[in-house]
Amino acid sequence: MTAGGNAFDEKLNKFNRSMNRGYALSKWFVKEFGSTQCKAITGCDFADSTGVGSYVDGDRIASCRVIAGKVAEQVGMVLA
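Residues numbered from 1 in each chain as written. Predicted model: local features only at pLDDT ≥ 70, side-chain atom pairs only at ≥ 80, totals over all residues. Heavy atoms only, no water.

What follows covers the packing of aromatic side chains. Summed over the entire model, instances satisfying the criterion amount to four aromatic pairs. Ring centres of Trp-28 and Phe-29 lie 6.4 Å apart, and the angle between their planes is 70 degrees; on these two criteria the pair is classed as edge-to-face. Trp-28 gets classed as buried once you look at its relative accessible area, which sits at 19%. Aromatic pair Phe-29 and Phe-33: ring centres 4.7 Å apart, planes at 50 degrees, arrangement tilted. Separated by four residues within a single helix, Phe-29 and Phe-33 lie in helix α1 (residues 14-33), roughly one turn from each other. The exposure classification of Phe-29 matches that of Phe-33, with both residues buried. Among the aromatic residues, ring-to-ring pairing joins Trp-28, Phe-29 and Phe-33 into one connected group. (Phe/Tyr/Trp six-rings, centres within 6.5 Å; stacked < 30°, edge-to-face > 60°. Buried < 20%, exposed > 50% of the residue type's maximum accessible area, 1.4 Å probe, protein only. Helix = DSSP H or I, 4+ residues; strand = E, 2+ residues; numbered from the N terminus.)

All right, on to a nonpolar patch on the surface then. Among the surface-exposed residues, Phe-46, Val-52, Val-56 and Ile-61 lie close enough to one another that they form a single nonpolar patch of about 300 Å² accessible area. You can see Phe-46 is positioned in the loop between α2 (38-42) and α3 (49-57). Residue classification places Phe-46 among the partly exposed residues on the basis of a relative accessible area of 38%. (Patch = residues over 30% accessible without salt bridge, like charges linked within 9 Å, V, L, I, M, F, W, Y side chains within 5 Å. Areas by Shrake-Rupley, 256 points an atom, 1.4 Å probe, with all protein chains shown as cover. Salt bridge = Lys/Arg side-chain N within 4 Å of Asp/Glu carboxyl O.)

Take the confidence of the model for the protein chain next. Overall, the prediction assigns the protein chain a mean pLDDT of 86, with 91% of residues at 70 or greater. Averaged over each element, pLDDT in the protein chain is lowest for α1 (88) and highest for α2 (94). (pLDDT = per-residue confidence, 0-100.)

For the rest of this paragraph, the subject is the nonpolar core. One broad trend across soluble globular proteins is that nonpolar side chains are buried collectively. Of all hydrophobic cores here, the largest spans five residues; its members are Trp-28, Phe-29, Phe-33, Ile-67 and Val-71. Broken down by secondary-structure element, the contributors of at least two residues to this core are α1 and α4 (60-79). Aside from chain neighbours lying at most four places away, what touches Ile-67 is Phe-29, Phe-33 and Ile-41. (Core = buried A, V, L, I, M, F, W, Y, C linked by side-chain atoms within 4.5 Å. Contact = heavy atoms within 4.5 Å.)

It is the contact of α1 with α4, at a shortest axis distance of 11 Å, that shows an interaxial angle of 140 degrees. Here α1 is positioned oblique relative to α4, judged by the angle of their axes. Crossing angle aside, the handedness with which α1 passes α4 is right-handed. Residues Arg-21, Leu-25, Trp-28, Phe-29, Glu-32 and Phe-33 of α1 form the contact with α4, whose own contacting residues are Ile-67, Lys-70, Val-71, Gln-74, Val-75, Val-78 and Leu-79. (Axes fitted to C-alpha atoms, helices over the stretch in contact; angles between N-to-C directions. Parallel < 35°, antiparallel > 145°, perpendicular 65-115°, else oblique. Left-handed = near helix turned anticlockwise from the far one by under 90°.)

Structure representation (structure tokens):
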């Protein structure tokens with residue numbers, strides 16, 4: 001990259017394609033949901049039982065299922 005090359009060029013190796021797709025998905029995810037961090041998305045701190053209880057009692061499991069469905073749809077569109 002310092003010499004003007006593209007270290008992430010997909011022609012260099014097979015790994016770069018996966019890295020580039022993962023990066024693109026993470027950018028889409030942040031745009032769609034505001035973060036890639038569960039705590040930021042759910043508003044729950046999973047480090048203690050109060051946060052876990054808030055997650056369960058607040059029916060945030062359903063919202064995470066919706067997120068998982070949207071991610072699966074996005075991945076399906078990219079792979080199609």
